[in-house]
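Structure at a glance
Chain residues, written in single-letter form:
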There are 2 protein chains.
Amino acid sequence: MDYYIGVDIGGTNTEIGILDTNGVILNKKTIKTDPTQGAEKTFERVWEASKEISKEICIDENKIKSIGIGLPGPVVDNSILKIAANLSWGDNFPAKELMEKISGKSVKIENDARAIALGEYLFGAAQKYKNSMIISIGTGLSVGIIIDGKILSGAGGAAGEFGHMVVEDNGYSCGCGLKGCLETYCSANGIVREAKRRLEGNIENGLYKKFSENLEKLEAKDIFEMAKSGDKFSQEIVDFFCRYMAKGIGTLLNIINPEAVIFTGGVSKAGDFLLEGIEKHLGKYTLGINLENLKFGFGQLNEEGGIKGAVAIVMLSDVEK
Amino acid sequence: MDYYIGVDIGGTNTEIGILDTNGVILNKKTIKTDPTQGAEKTFERVWEASKEISKEICIDENKIKSIGIGLPGPVVDNSILKIAANLSWGDNFPAKELMEKISGKSVKIENDARAIALGEYLFGAAQKYKNSMIISIGTGLSVGIIIDGKILSGAGGAAGEFGHMVVEDNGYSCGCGLKGCLETYCSANGIVREAKRRLEGNIENGLYKKFSENLEKLEAKDIFEMAKSGDKFSQEIVDFFCRYMAKGIGTLLNIINPEAVIFTGGVSKAGDFLLEGIEKHLGKYTLGINLENLKFGFGQLNEEGGIKGAVAIVMLSDVEK
């Protein structure tokens, strides 16, 4: 039997797992990314950890067929990380080449949000659909678009920048330099900021009563929970979030016309409550024909999404051959 | 040598052409669509006209390899016209099947805007690019998106509904039932309506001086021409148009990340003046990485776009085989 290594490299931590051909994680490990020591050091430690987790379950490293790596940033041709903003490894960083040199294995890389989408497509909630959009709502906001069973990467590796769809002219300033990006409204950070803005002028509400002592620790899930429990103030914030989300999704639906939309990432844990809030507004932003037969769902891989998504990058391209 | 028939069916007229394998139109003819007589009658007349234009240039009908048809509305699997709003042929109309029965030839159909995009990809301005967006600005607004050399049709045949991207909450009412659709701002009709709205409160301008006698005949090109000639009032209308266009295009670029954007349709005749107007605003709506290396261009097929696009539908799928 062949085995695959999946690596999810984040700015702080890197998760590494070994999977069988059924996509089951047999063993895994988290290491510090420590990107400032340089990419070579990080990749060497990733490969060492990969060998360790294999050895621990008595799998010979010769049985490792290939390595998939998810990375934060635009990725071109499953090879080059164009911008490594959180990793300071310079532009046009040849991640595939470096890891192949270090490991002697075949390697493919992909943008991390697209890797998660591929994971849901191969192993999770998007399996049934050849055409889907996997929307990750976490700290930021992004989309992995699957068209005829392939991920949309874009000519320069920068497709799916859903979070930077401008939904308000002269809206809130975004970290990217633009103003009014969807992510400034529709992300874990966005909804917490919105709540804090509103709390400045309104303390007669359940959210304030519960969190005023601890406002710096307020999280997106707290706001959704308060809304669910009936706090009108929190419900208005959630509705504000859902209306923008519907605007963004409606725009995507009119352009892409997929079979299914799958929500993943931390904020998607709000589940049907979130979905109902979005659906309430969706008809204002989408042609009827693009809502016809459309399915909604939630990601199934959760915290395994990074590793499984990384393995999906290499397993899917094996299938294509 | 093989020959192809290209058919562009509109609500009023239908254009039919015979092309050689180089994509040269050897002969063509325009007939009335007369859709109310029923699809069968229309398709029979299309086939009769196809045989006529072949005979006129001494091409035996046995040499006709296949027929491509562009139709207004969402098309699924190059076979079914899902909604034939302007043609009253009912939903899920099996256009491919009917034309194959009548002609005995192999037939493929496609949405007309996507056919034009395929035409530019095979014969025109998009030839150099495997990933492009062909934006048609005419009476309405639509986009044909080419990804890795294939047109994005969408799971239900309704991809590329660029004109119905909602850019203003509670904006102008659109014929589709939504409000604030991009098409209500950025189309030939949209810019003329905007000019007339502004002329109600302002007659001290060049546009009024030139067209006040004949306001019902005002066309998009008149407004662009007056703007080019220095009329500030018209320049402001064009800038209003270009800002919305930039918002729409910027959104597409962030999601699709193509190599090139090609403008076609009547309003695109405004040329570099239009492009400069759009580029002025594009940086507010697009991530820098999605503007990097991006090329702009104008369609090359013009009034031949419908027929050549229809033939591109069948020629491109021949190549794929």
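Values in this document were obtained by computation on a predicted structure and should not be read as measured data.

Details of the overall build of chain A
Looking only at helices and strands, chain A features nine helices and 12 strands. Relative to its length of 321 residues, chain A is compact, with a C-alpha radius of gyration of 20 Å against a globular reference of 20 Å. Each of the three principal axes of chain A carries a C-alpha extent, and together these read 60 × 45 × 35 Å. In chain A, 63% of the contacts between residues at least 6 apart in sequence involve partners at least 24 apart. In chain A, which carries 37 positive and 44 negative side-chain charges, the distance between the mean positions of the two groups comes to 0 Å.

Some points on the sheet that holds strand E11 (residues 260-264) of chain A
All names here are of chain A. The strand order E10-E9-E8-E11-E12 describes an open sheet built from five strands, whose pairing is mixed. Each having just a single partner strand, strand E10 (150-151) and strand E12 (295-298) make up the two edges of the open sheet. In this structure, strand E8 (residues 132-137) lies alongside E11, joined through five bridges in parallel fashion. Bridge pairing in E11 places Ser-132 opposite Ala-260. Sheet contacts for helix H8 (residues 271-282): E8, E11 and E12; angle to E12, the most-contacted strand, approximately 150°.

Let's talk about the relation of the copies chain B and chain A
Note on the copies: chain B fits chain A at an RMSD of 0.0 Å, the axial shift is 0.0 Å, and the rotation between them is 180°. Here the copies are linked by what is in effect a two-fold axis. Closest approach to the rotation axis among the C-alpha atoms of chain B is made by B:Val167, whose C-alpha sits 3.8 Å away. Taken as a fraction of all interface residues of chain B, those also at the interface in chain A reach 100%, which identifies the copy contact as same-surface.

Some details on the interface of chain B and chain A
The interface is formed by 41 residues belonging to chain B together with 42 residues belonging to chain A. Along the contact surface separating chain B from chain A lie six salt bridges. For A:Lys247, the salt bridge identified is with B:Asp169, shortest N-O distance 2.9 Å. Residue contributions to the side of chain B that touches chain A peak at seven residues, all from helix H7 (residues 232-256) of chain B.

A short note on a nonpolar patch on the surface
Residues B:Val24, B:Leu26 and B:Ile57 make up a contiguous nonpolar surface patch of roughly 200 Å² in combined accessible area. Mapped onto the elements, B:Leu26 comes out in strand E3 (residues 25-32).

So, the sheet that holds strand E7 (residues 106-111) of chain A
Residues and elements named next belong to chain A. Read from one edge to the other, the open sheet built from five strands follows the order E3-E2-E1-E4-E7, with strand pairing classed as mixed. Edge strands, defined here as strands with exactly one partner in the open sheet, are strand E3 (25-32) and E7. Neighbour to neighbour, the strand axes of the sheet diverge by 15° on average, direction disregarded. As paired strands, strand E2 (residues 13-20) and E3 are joined by seven bridges and run antiparallel to one another. For Asn-13, the partnering residue across the bridge sits in E3 and is Lys-32. Contacting strand E1 (3-9), E2, E3 and strand E4 (64-71), helix H1 (residues 39-56) runs over the sheet at an angle of about 145° to E3.

Focus: the pattern of salt bridges
Inspection of the entire model under this criterion finds 27 salt bridges over all chains. Close ionic contact of A:Lys232 with A:Glu236 constitutes a salt bridge, the shortest N to O distance being 2.9 Å. Of this pair, A:Lys232 and A:Glu236 both sit in helix H7 (residues 232-256), separated by four residues, roughly a single helical turn. Here A:Glu236 falls in the partly exposed class, since its relative accessible area comes to 38%. Between A:Asp239 and A:Lys280 there is a salt bridge whose closest N-O contact spans 3.1 Å. Here A:Asp239 is found in helix H7, whereas its partner A:Lys280 is found in helix H8, with 41 residues between them in sequence. Bridged by salt links that share partners, the residues A:Asp169, B:Arg243 and B:Lys247 form one connected network.

As for the side chain of B:Glu120
Residues and elements named next belong to chain B. As for its position among the elements, Glu-120 is in helix H3 (residues 112-123). Buried charge without a partner: Glu-120 forms no salt bridge, and the closest opposite charge is Lys-269, 8.4 Å away. Leave out the neighbours within four places in its chain, and Glu-120 touches Ala-125, Ala-126, Gln-127, Ile-134, Thr-264, Gly-299, Gln-300, Leu-301 and Asn-302.

As for the confidence of the model for chain A
Per-residue confidence for chain A gives a mean pLDDT of 95, with 99% of residues at or over 70. In the model output, the complex is listed with pTM 0.95 alongside ipTM 0.94.

Brief notes about the packing of helix H4 (residues 188-199) of chain B against helix H6 (residues 220-228) of chain B
Axes are the key here: two packed helices are described by the angle between their axes and the distance separating the axes. All names here are of chain B. Taken N-terminus to C-terminus, the directions of H4 and H6 make an angle of 65°; their axes are 8 Å apart at the nearest point. Facing H4, whose interface residues are Ala-188, Ile-191, Val-192 and Ala-195, H6 presents Ala-220, Ile-223 and Phe-224. Partitioned by chemical class, the residues of the contact of H4 with H6 number seven nonpolar, no polar and no charged.

Re unusual backbone geometry
Residues and elements named next belong to chain B. Unusually for a residue other than glycine, Asp-34 sits at a positive phi of about 40°. Its identity is not glycine, yet Asn-293 carries a phi of approximately 65°, on the positive side. Its location among the elements puts Asn-293 in the loop between helix H8 (271-282) and strand E12 (295-298). Here Asn-293 falls in the exposed class, since its relative accessible area comes to 61%.

Quick look at the side chain of B:Thr286
Within the fold, B:Thr286 resides in the loop between H8 and E12. Polar contacts involving the side chain of B:Thr286 include one to the main-chain carbonyl oxygen of B:Leu282, which spans 2.9 Å. Not counting residues up to four positions away in its chain, the partners in contact with B:Thr286 are A:Leu178, B:Gly250, B:Leu253, B:Asn254 and B:Leu291.

Quick word on the packing of helix H6 (residues 220-228) of chain A against H7(A)
Residue and element names in this part refer to chain A. Running from amino to carboxyl end, H6 crosses H7 at an angle of 120°, the nearest separation of the two axes being 8 Å. Seen along the crossing, H6 lies across H7 with a hand that is left-handed. Together, Ile-223, Phe-224, Met-226 and Ala-227 of H6 and Ser-234, Gln-235, Ile-237, Val-238 and Phe-241 of H7 make up the contact between the two elements. In terms of residue class, the contact of H6 with H7 is made up of seven nonpolar, two polar and no charged.

Here's the deal with H6(B)
Residues and elements named next belong to chain B. Those residues of H6 not exposed but buried are Ala-220, Asp-222, Ile-223, Phe-224, Met-226 and Ala-227. On the buried face of H6, the contacting elements are H4, helix H5 (206-211), H7 and H8. Trailing H6 by a residue or two, Gly-230 shows a phi angle of about 110°, which is positive.

Scoring rules and cut-offs
- Residues numbered from 1 in each chain as written.
- Chains lettered and ligands numbered in written order.
- Predicted model: local features only at pLDDT ≥ 70, side-chain atom pairs only at ≥ 80, totals over all residues.
- Heavy atoms only, no water.
- Helix = DSSP H or I, 4+ residues; strand = E, 2+ residues; numbered from the N terminus.
- Rg over C-alpha atoms; globule rule 2.2 N^0.38 Å.
- Contact = heavy atoms within 4.5 Å.
- Lys, Arg positive; Asp, Glu negative; His and termini not counted.
- Charge placed at Lys NZ, Arg CZ, Asp CG, Glu CD.
- Pairing = 2+ DSSP bridges.
- Axes fitted to C-alpha atoms, helices over the stretch in contact; angles between N-to-C directions.
- Least-squares fit on C-alpha atoms with pLDDT ≥ 70 in both.
- Salt bridge = Lys/Arg side-chain N within 4 Å of Asp/Glu carboxyl O.
- Patch = residues over 30% accessible without salt bridge, like charges linked within 9 Å, V, L, I, M, F, W, Y side chains within 5 Å.
- Areas by Shrake-Rupley, 256 points an atom, 1.4 Å probe, with all protein chains shown as cover.
- Buried < 20%, exposed > 50% of the residue type's maximum accessible area, 1.4 Å probe, protein only.
- pLDDT = per-residue confidence, 0-100.
- Nonpolar A, V, L, I, M, F, W, Y, C, P; charged D, E, K, R; others polar.
- Polar contact = N/O pair within 3.5 Å; in protein donor to acceptor, adjacent residues only side chain to side chain.
- Left-handed = near helix turned anticlockwise from the far one by under 90°.

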